[in-house]
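Chain by chain, the residues run as shown.
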Protein chains: 2
Amino acid sequence: MSDNTNRKVPSVVIKRLPRYYRYFGELLNQGIKRISSNALSEKMGVTASQIRQDFNYFGGFGQQGYGYKVEYLYNTIGDILGLHEGYTTIIVGAGNLGRALANHNFAKRGFRLMGMFDIDERIIGSKVNNVEIYHIDMMESFVRENNIDVGILTVPKSEIESIADRLCACGIKGLWNYSYAELKPKNNIPIENVHLSDSLMTLSYKIKQKE
Amino acid sequence: MSDNTNRKVPSVVIKRLPRYYRYFGELLNQGIKRISSNALSEKMGVTASQIRQDFNYFGGFGQQGYGYKVEYLYNTIGDILGLHEGYTTIIVGAGNLGRALANHNFAKRGFRLMGMFDIDERIIGSKVNNVEIYHIDMMESFVRENNIDVGILTVPKSEIESIADRLCACGIKGLWNYSYAELKPKNNIPIENVHLSDSLMTLSYKIKQKE
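The rules behind each value
- Residues numbered from 1 in each chain as written.
- Chains lettered and ligands numbered in written order.
- Predicted model: local features only at pLDDT ≥ 70, side-chain atom pairs only at ≥ 80, totals over all residues.
- Heavy atoms only, no water.
- Helix = DSSP H or I, 4+ residues; strand = E, 2+ residues; numbered from the N terminus.
- Buried < 20%, exposed > 50% of the residue type's maximum accessible area, 1.4 Å probe, protein only.
- Contact = heavy atoms within 4.5 Å.
- Least-squares fit on C-alpha atoms with pLDDT ≥ 70 in both.
- Buried area = accessible area lost by both parts, 1.4 Å probe.
- Salt bridge = Lys/Arg side-chain N within 4 Å of Asp/Glu carboxyl O.
- Polar contact = N/O pair within 3.5 Å; in protein donor to acceptor, adjacent residues only side chain to side chain.
- Nonpolar A, V, L, I, M, F, W, Y, C, P; charged D, E, K, R; others polar.

S.K.: Please explain the environment of Lys186(A) as it appears in this structure.
M.R.: All names here are of chain A. Among the secondary structure elements, Lys186 is positioned in the loop between β8 (174-177) and β9 (191-193). Judged by its relative accessible area of 8%, Lys186 falls in the buried class. Through-space distance from the C-alpha of Lys186 to that of Ala164 is 8.3 Å; in sequence the pair is 22 residues apart. Excluding residues within four positions of it along the chain, Lys186 makes contact with Glu161, Ala164, Asp165, Cys168 and Ile191.

Shown next, in the form of structure tokens:
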């Protein structure tokens, strides 16, 4: 078996980590202590050999012969994903999408939502899921004072580049972008651009194939 | 060059199609008529050989030597994705997330939102983005009368299986699930489960790697 430890992890493998994490979390909730690589393979829709290859990037997670230890893998993958770092977040844009994300409870994944920001005076000072909405003029000082790690952006397309630049200027470490416009790279700061309609198009493909 | 036409298309390739579609759409908006496979490769972060392999599943889209014809590929990939089928949708659950999706304007991708459904009497009869909210008791008759293709589900986890079963019983062709619970398979009906926090976890991984 090849040992991939210390080799650069391909982005497809990184993208599978959150799925592994969710699956191990479900197994843990069901009180399952061990799972064989074949059972995991069936549940995930990934071959057992692919799973072994993926895990080898992180040292293998050991003992495949006896199956994977669910709680150990859940914690270890969570660690690799940085979910135990206590990363803090703000949501910029308190419209329907911003509110939906505030209610999503990312705390379960280790993220602490510290504040929301908007320009609409009518909602400044109100709360969503116990988190206060502040005026966007307060954003920079809030990010600095509270050491905010992640900016969640649900502002209109036209505003996205300027808001992202403002956040980068005050030390944000990552941007999660829901504006439907691909953000330009910002001095090496990690950015995840979310394209909700991609999975609707995938669904559409599958429906058409069936017809 | 191998010809992959008629071979089963791997799901990773299917997942890249919406991205190709978006990129060709952007190029089209910029008035660009042709793009070389190298330039496309750089823009997409996928190797030129991978792009050729992907396209070969659909007959190759021809003439790589002169570059890909942007408008032709945009239309052809849209066709493959079923975006010209005029698929109709409903949104079940008119909370923040349902409203955000109603405002997203999937019409740009060829989907027609025909109605929204909820149990909250206070919002029944009101409209979001010109689409009416109906009582959930009307859902089955509405789906049958309007030949609805896709159900977009933003209902709580506890309701998701029963709502999905009700939609399948009245002939829905696909389900786009935002309930954060993985839907059980339903008689071979295509389902896309959306896990918003997966990309937040990917972002978290990248931030941790940088530290």
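Having seen the structure, we can now continue with the description.
S.K.: For this particular structure, what's the right way to read helix α3 (residues 48-56) of chain B?
M.R.: Since there are 3.6 residues in each turn of an α-helix, residues three or four apart along the chain are aligned in direction. When we look at burial in α3(B), the residues that qualify are Ala48(B), Ile51(B), Asp54(B), Phe55(B) and Asn56(B). Against α1 (11-29), α2 (37-44), β2 (68-69) and α4 (70-80) of chain B lie the buried residues of α3(B).

S.K.: Help me understand the relation of the copies chain A and chain B in this model?
M.R.: What relates the two chain copies is a rotation about an axis together with a slide along it. Mapping chain A onto chain B calls for a rotation angle of 180° and an axial translation of 0.0 Å; the resulting RMSD is 0.0 Å. Overall, the copies show the geometry of a two-fold rotation axis. By C-alpha distance to the rotation axis, the residue of chain A lying nearest is Asn96(A), at 2.3 Å. Looking at chain A, 100% of its interface residues are interface residues in chain B too, so the copies touch through the same face.

S.K.: Help me understand the interface of chain A and chain B, please; the structure alone is not making it clear to me.
M.R.: Often, the extent of an interface is quoted as the loss of accessible area upon association of its parts. With 58 residues of chain A at the contact, the number on the chain B side is 58 residues. Interface of chain A and chain B: buried area, both sides summed, is about 5300 Å²; carbon and sulfur atoms make up 63% of it. Ranking the residues of chain A by area buried against chain B places Leu200(A), Met201(A) and Tyr205(A) at the top, with a combined share of 14%. At the junction of chain A and chain B, the tally comes to ten salt bridges. Taking the shortest distance from any N to any O, the salt bridge between Lys208(A) and Glu85(B) comes out at 3.5 Å. Counting across the interface, chain A meets chain B through 28 residue pairs in polar contact (both at pLDDT 80 or more). Every element with two or more residues in the side of chain A that touches chain B is listed here: α1 (11-29), α4 (70-80), α5 (96-102), β8, β9 and α8 (196-210) of chain A. With 14 residues, α8(A) is the largest single contributor of residues to the side of chain A that touches chain B. Of the residues that constitute the side of chain A that touches chain B, the class distribution is 31 nonpolar, eleven polar and 16 charged.

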